[in-house]
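Read off the chains here:
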Amino acid sequence: MSQPAAALKKPTSVKKVILRVLLYFVVLDVCVITLYPYFAMLCTALKSRNEIFSGNTILPITALWGNFIDIWSRAPMAKYMLNSILIAGGSTIIAMLCGIPAAYALARMKFKGQTAFLGVIIVSQMFAPVVLLIGIYKVMLSMGLTDSILGLIFINAAFNQAFTVWLLRGTFMGISAEMEQAATIDGCTRVQSMMKVLLPVAAPGIVTTLIFIFINAWNEYTVALCLISTDTLKPLTVGINTFNGYNIIEWQYLFAASIFAIIPVVILFMCIEKNLVSGLASGGVKG
């Protein structure tokens, strides 16, 4: 009896090993496909112009780390990065300050036209900034906010508002309302119960929403390109076009600047990655 049982267990264990190897192989392929563009970007940033156009190998023959230093003297990179931080940070703060109360109202209060309002929020996500570019420019021109960082902050906050409200509403609906009711019985007002009870519990969803807003604002290009004309006011996404000339593209400097552009986002992900998965799950509990 023991031999047949062992014979049955052996194929099962072998099957598990094969499946695990295949899983590791798929994961490795996905990682290689995902990370290869960044590897190619780094290798190109370390090459000379002549070596780039020779196209002999993806690896640099001689790594020119000085390319990362040269871009700071060839363009106001520090100013570009500061502008991007101000735009992304400011729009994130405004979007969260407006989005949290709106999401709370939609999650906890019932009012006429609520379903229609939620539909409008979803529909507004279908419009890309480039479709509304002419209207945006006219509005900014009438307000005197063209060629200004404040104008880009307001625009990015507005375009991320619908996403903020929708994701946070799902997060708040996934939290039991009895917790706030207990705080109200203890003497807290609605605002106090939201601040002291709801927001700490919803922290993973709030952090996830915050990081997505920041990344969207950090990566925005089209509106900034059309509204900003002063070189010292350009965000990093527009400023790195300094290395993209009419007659020549300095690929080594362009990729070196692009690597600097992704560093803040990578650092931000490393700081909040433990809250990212739980925040996405809590935001998608209820629609």
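This report concerns the structure included in the present document. All values reported here derive from a predicted model rather than from experimental measurement.

## Regarding the overall build of the protein
Check the secondary structure of the protein and you find 14 helices and zero strands. Taken from N to C terminus, the helices and strands of the protein fall in the order α-α-α-α-α-α-α-α-α-α-α-α-α-α. In the protein, buried positions account for 37% of the 287 residues. Contacts in the protein between residues far apart in sequence, at least 24 positions, make up 74% of those at least 6 positions apart.

## Description of the layout of surface pockets
Empty space within the largest pocket amounts to approximately 410 Å³. Every residue lining the largest pocket is counted, 19 residues in all, and those nearest its centre are Phe127, Ala128, Pro129, Phe159 and Asn160. Within the residue set of the lining of the largest pocket, elements represented by two or more residues are helix 7 (149-159), helix 8 (161-173) and helix 12 (222-227). Among the elements that take part in the lining of the largest pocket, helix 7 stands out by supplying four residues, more than any other. For the lining of the largest pocket, a count of residues per class yields 11 nonpolar, seven polar and one charged. Looking at the second largest pocket, its volume works out to about 270 Å³. Looking at the second largest pocket, it is lined by 13 residues, and the ones nearest its centre are Trp218, Asn219, Ala261, Ile262 and Val265. Going through the elements one at a time, helix 11 (203-219), helix 13 (236-239) and helix 14 (251-283) are the ones with two or more residues in the lining of the second largest pocket.

## Concerning helix 4 (residues 77-108)
Its 32 residues give helix 4 an end-to-end C-alpha distance of 46 Å, which sits within 8% of 46 Å, the value for a rise of 1.5 Å per residue. By the largest-angle criterion, Gly99 marks the main kink of helix 4, which is about 25°, and a proline, Pro101, follows within four residues.

## Notes on the nonpolar core
Ranked by size, the top nonpolar core spans 26 residues in total, and within it Phe68, Ile71, Met77, Trp218, Leu236, Phe243 and Ala257 carry the most contacts. Put simply, the parts of the chain that give this core at least two residues each are helix 1 (2-45), helix 3 (67-74), helix 4, helix 11 and helix 14. It is helix 14 that provides the largest number of residues to this core, a total of eight residues. Among all residues touching Phe243, those that are not within four sequence positions of it are Ile71, Arg74, Ala75, Met77, Ile248, Ile249, Glu250, Tyr253, Leu254 and Ala257. One finds Ile175, Met194, Leu199 and Ala202 within the second-largest nonpolar core, a separate group that totals 15 residues.

## Details of helix 7
Those residues of helix 7 that fall on the buried side of the exposure criterion are Ile149, Gly151, Leu152, Ile153, Ile155, Asn156 and Ala157. Of the surrounding elements, those touching the buried residues of helix 7 are helix 4, helix 6 (133-142), helix 8, helix 11 and helix 12.

## Overview of the packing of helix 5 (residues 114-124) against helix 8
Their axes nearest at 9 Å, the elements helix 5 and helix 8 cross at an angle of 125°. With respect to their mutual orientation, helix 5 and helix 8 come out oblique. In this structure, helix 5 meets helix 8 at a crossing whose hand is left-handed. Contacts between helix 5 and helix 8 involve Leu118, Ile121, Ile122 and Ser124 on the former and, on the latter, Ala162, Val165, Trp166 and Arg169. Residue composition of the contact of helix 5 with helix 8, grouped by class: six nonpolar, one polar and one charged.

## Quick word on the side chain of Glu220
Looking at where Glu220 falls in the secondary structure, it is placed in the loop between helix 11 and helix 12. Buried and without a salt bridge, Glu220 has Lys234 as its closest oppositely charged side chain, separated by 13 Å. In contact with Glu220, not counting residues within four places along its chain, are Asn156 and Thr237.

## Brief notes about the packing of aromatic side chains
Throughout the structure, instances matching the rule amount to eight aromatic pairs. Aromatic pair Phe214 and Trp218: ring centres 5.9 Å apart, planes at 20°, arrangement stacked. Of this pair, Phe214 and Trp218 both sit in helix 11, separated by four residues, roughly a single helical turn. Like Trp218, Phe214 is buried. Plain terms: the ring middles of Phe243 and Tyr253 are 5.9 Å apart, the flat faces sit at 45° to each other, and that makes the pair tilted. Highlighted residues: Phe243 in the loop between helix 13 and helix 14 and Tyr253 in helix 14, separated in sequence by 10 residues. Here Phe243 and Tyr253 have matching classes, each one buried. Chaining the aromatic ring pairs together yields one cluster made of Trp65, Phe68, Trp72 and Phe260. For the cation-ring pair, Arg169 lies above Trp166, with the distance from its terminal atom to the ring centre recorded as 5.8 Å.

About the criteria used
- Residues numbered from 1 in each chain as written.
- Predicted model: local features only at pLDDT ≥ 70, side-chain atom pairs only at ≥ 80, totals over all residues.
- Heavy atoms only, no water.
- Helix = DSSP H or I, 4+ residues; strand = E, 2+ residues; numbered from the N terminus.
- Buried < 20%, exposed > 50% of the residue type's maximum accessible area, 1.4 Å probe, protein only.
- Contact = heavy atoms within 4.5 Å.
- 1 Å grid on protein atoms, 1.4 Å probe; cavity = no way out; pocket = protein on both sides within 12 Å on 5 of 7 lines; lining within 4 Å.
- Points joined across faces, edges and corners; volume = space filled by probe spheres on them.
- Nonpolar A, V, L, I, M, F, W, Y, C, P; charged D, E, K, R; others polar.
- Expected span 1.5 Å × (residues − 1).
- Bend = angle between axes of the 7 residues up to and from the residue.
- Core = buried A, V, L, I, M, F, W, Y, C linked by side-chain atoms within 4.5 Å.
- Axes fitted to C-alpha atoms, helices over the stretch in contact; angles between N-to-C directions.
- Parallel < 35°, antiparallel > 145°, perpendicular 65-115°, else oblique.
- Left-handed = near helix turned anticlockwise from the far one by under 90°.
- Lys, Arg positive; Asp, Glu negative; His and termini not counted.
- Salt bridge = Lys/Arg side-chain N within 4 Å of Asp/Glu carboxyl O.
- Phe/Tyr/Trp six-rings, centres within 6.5 Å; stacked < 30°, edge-to-face > 60°.
- Lys NZ or Arg CZ within 6 Å of the ring centre and 35° of its normal.

In short, the description is geometric, and any link to function would need to be established separately.
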